[in-house]
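What follows is the residue order along each chain.
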Amino acid sequence: MTFLSRRSTLALLGTAAGALALPRSAAAQPIPRLALYGPPAGPSITLAHAVKTGMLSDIAEETLFTPWRSPDELRAGLTSGEILVSVVPIQAAANLYNRGFPIRLENAMTNGLLYIIAEETGIATIPDLAGRHIAVPFRGDTPEIIFSQLLDHHGMRAEDLKITYAGTPTEAMQLMLAGQVDAALTAEPSTTAAVLRGREAGKQIRRAINLQAVWGEMTGAAPVLPQAGLALTPTFLDTYGDAVPALLAALEQATADVLANPEAAAAHATEALGLPAPLLAASIPNSNLVARPANEARADIERLLAAMAGPDLARIGGAMPDDAFYL
């Protein structure tokens, strides 16, 4: 599954013509309405917490957070100009940028939240999956691409195991709970949901493989998968570019608060994300939440993009994003 269709990309290019220059200076006035978007996952807990606690009140007169539920929904919002500030898969942001839509990456908001869950104790490493049945979400997107890279590193092919492709991490988790697969590739908070719901059903489902850890082993670098970060569109930057440093600082503080008090942050995010507060709170320690400035995280981002981009870097538009991509 590619993040953007050709038609959507062309529509974005049309709105972005000539916008690759640095944002013009904005008036030193609060933003009238700051609308933040993100997926129903860990980084959005940070955004919802920041909104609920008024951490952005010095930046905007009104703030709100809205979750997007699928890449298609995010694509439509970006294409129409409805979404100006959102947590975005970093591969998708790089692809947009290289295709001419000058979206900018402000930060990385997670160091990775992917796990392989299983009940069987004999599954603890990637090679242990040989001959097993595993559910994998988002075929052709970040989780599946990373999983394929790990298989290849261990001399394995998809044919060496049975794969059922699921639409979302939640669907993969549900297949695991139903006993239809031996293991599932999931992302927080679906991983935590599997553990908790499995416990209620008398199943000892566990985080059998930490994909961040095995990624670090494969690359010989830190166990970091900067999957998603806050991206800003040209329209926002052109109008409110001067607010970016304050926004970054506020999200750094919000992230620290979330990590220090997961229960309070979960209570602030439960309504916005439509997920139970106890589930969100339990998922936070395993979501590797950060607010790393994009330039600081660049080496880890480029390592991830290089592995994911495919032949001729096709999945990210044919090149590594240049310096201007990183705010």
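Calculation rules
Residues numbered from 1 in each chain as written. Predicted model: local features only at pLDDT ≥ 70, side-chain atom pairs only at ≥ 80, totals over all residues. Heavy atoms only, no water. Helix = DSSP H or I, 4+ residues; strand = E, 2+ residues; numbered from the N terminus. Rg over C-alpha atoms; globule rule 2.2 N^0.38 Å. Areas by Shrake-Rupley, 256 points an atom, 1.4 Å probe, with all protein chains shown as cover. Lys, Arg positive; Asp, Glu negative; His and termini not counted. Charge placed at Lys NZ, Arg CZ, Asp CG, Glu CD. Salt bridge = Lys/Arg side-chain N within 4 Å of Asp/Glu carboxyl O. Buried < 20%, exposed > 50% of the residue type's maximum accessible area, 1.4 Å probe, protein only. Pairing = 2+ DSSP bridges. Axes fitted to C-alpha atoms, helices over the stretch in contact; angles between N-to-C directions. Contact = heavy atoms within 4.5 Å. Right-handed = clockwise from strand over helix to strand, strands pointing away. Parallel < 35°, antiparallel > 145°, perpendicular 65-115°, else oblique. Nonpolar A, V, L, I, M, F, W, Y, C, P; charged D, E, K, R; others polar.

Draft legend 1. The arrangement of the overall build of the protein chain in detail. Regarding its fold elements, the protein chain presents 13 helices and 12 strands. A compact globule built from 327 residues would reach a C-alpha radius of gyration of about 20 Å, and the protein chain, at 19 Å, matches this within 12%. In terms of principal-axis extent, the alpha carbons of the protein chain reach across some 60 × 45 × 35 Å. Total accessible area computed for the protein chain in this model is approximately 13400 Å², and 51% of it derives from carbon and sulfur atoms. Side chains of the protein chain carry 22 positive and 32 negative charges; the gap between the two charge centres is 6 Å.

Draft legend 2. How the structure looks around unusual backbone geometry. Omega for the bond connecting Glu-188 with Pro-189 falls within 30 degrees of zero, at 10 degrees, which places this linkage in the cis form. Looking at where Pro-189 falls in the secondary structure, it is placed in the loop between strand 9 (183–187) and helix 7 (190–200). The phi dihedral of Phe-138 is positive, around 50 degrees, even though this residue is not glycine. Summarising the element assignment, Phe-138 is placed in the loop between strand 7 (133–137) and helix 5 (142–153).

Draft legend 3. Structural view of the pattern of salt bridges. A full pass over the atoms with the stated rule returns 6 salt bridges. With its nearest N and O atoms 3.0 Å apart, the salt bridge here joins Arg-207 to Glu-188. Taken as a pair, Arg-207 in strand 10 (residues 206–210) and Glu-188 in the loop between strand 9 and helix 7 lie far apart in primary sequence, 19 residues in all. Here Asp-323 and Arg-298 are joined by a salt bridge, their closest N and O atoms 2.7 Å apart. Remark: Arg-298 occurs in helix 13 (residues 294–308) and Asp-323 occurs in the segment after helix 13; sequence separation between them is 25 residues. With relative accessibility at 55%, the residue Asp-323 sits in the exposed group. Where salt bridges share partners, they join Arg-292, Asp-300 and Arg-303 into one cluster.

Draft legend 4. Seen up close, the sheet that holds strand 7. The strand order across the open sheet built from 5 strands is 8-7-9-6-10, with neighbouring strands paired in mixed fashion. At either end of the open sheet lies a strand with only one pairing partner, and these are strand 8 (162–166) and strand 10. Between one strand axis and the next, the sheet turns by 30 degrees as a mean value, whatever way the strands run. As judged from the 2 bridges shared by strand 7 and strand 9, these two strands associate in the parallel manner. When the sheet's bridge partners are listed, Ala-135 is paired in strand 9 with Ala-184. Running at roughly 135 degrees to strand 7, helix 5 makes contact with strand 6 (114–118), strand 7, strand 8 and strand 9 of the sheet. Most of the contacts of helix 6 (residues 169–177) go to strand 9, to which it runs at about 150 degrees, and overall it touches strand 6, strand 7, strand 8 and strand 9.

Draft legend 5. View of the pairing of strand 8. Inspection of the sheet shows strand 7 paired to strand 8 by 5 bridges, in the parallel sense. Bridge pairing in strand 8 links His-133 to Lys-162. In terms of handedness, the path from strand 7 via helix 5 over to strand 8 forms a crossover that is right-handed.

Draft legend 6. Spotlight on the sheet that holds strand 3 (residues 85–89). Reading across the sheet, the 5 strands line up as 2-1-3-11-4 and stay open at both edges, with mixed pairing between neighbours. Each edge of the sheet is formed by a strand with only one pairing partner; in this case those strands are strand 2 (63–67) and strand 4 (104–105). Where strand 3 lies against strand 11 (residues 228–232), 5 bridges are found, and the strand directions are antiparallel. Directly across from Ser-86, in strand 11, lies its bridge partner Ala-231.

Draft legend 7. Up close: the packing of helix 2 (residues 42–52) against helix 10 (residues 244–260). It is the contact of helix 2 with helix 10, at a shortest axis distance of 9 Å, that shows an interaxial angle of 105 degrees. Viewed along their axes, helix 2 and helix 10 adopt a mutual orientation that is roughly perpendicular. When helix 2 is examined against helix 10, the residues Ile-45, Thr-46, Leu-47, His-49 and Ala-50 are found in contact with a partner set consisting of Leu-251, Ala-254, Thr-255, Asp-257 and Val-258. Of the residues contributing to the contact of helix 2 with helix 10, the split by class is 6 nonpolar, 3 polar and 1 charged.

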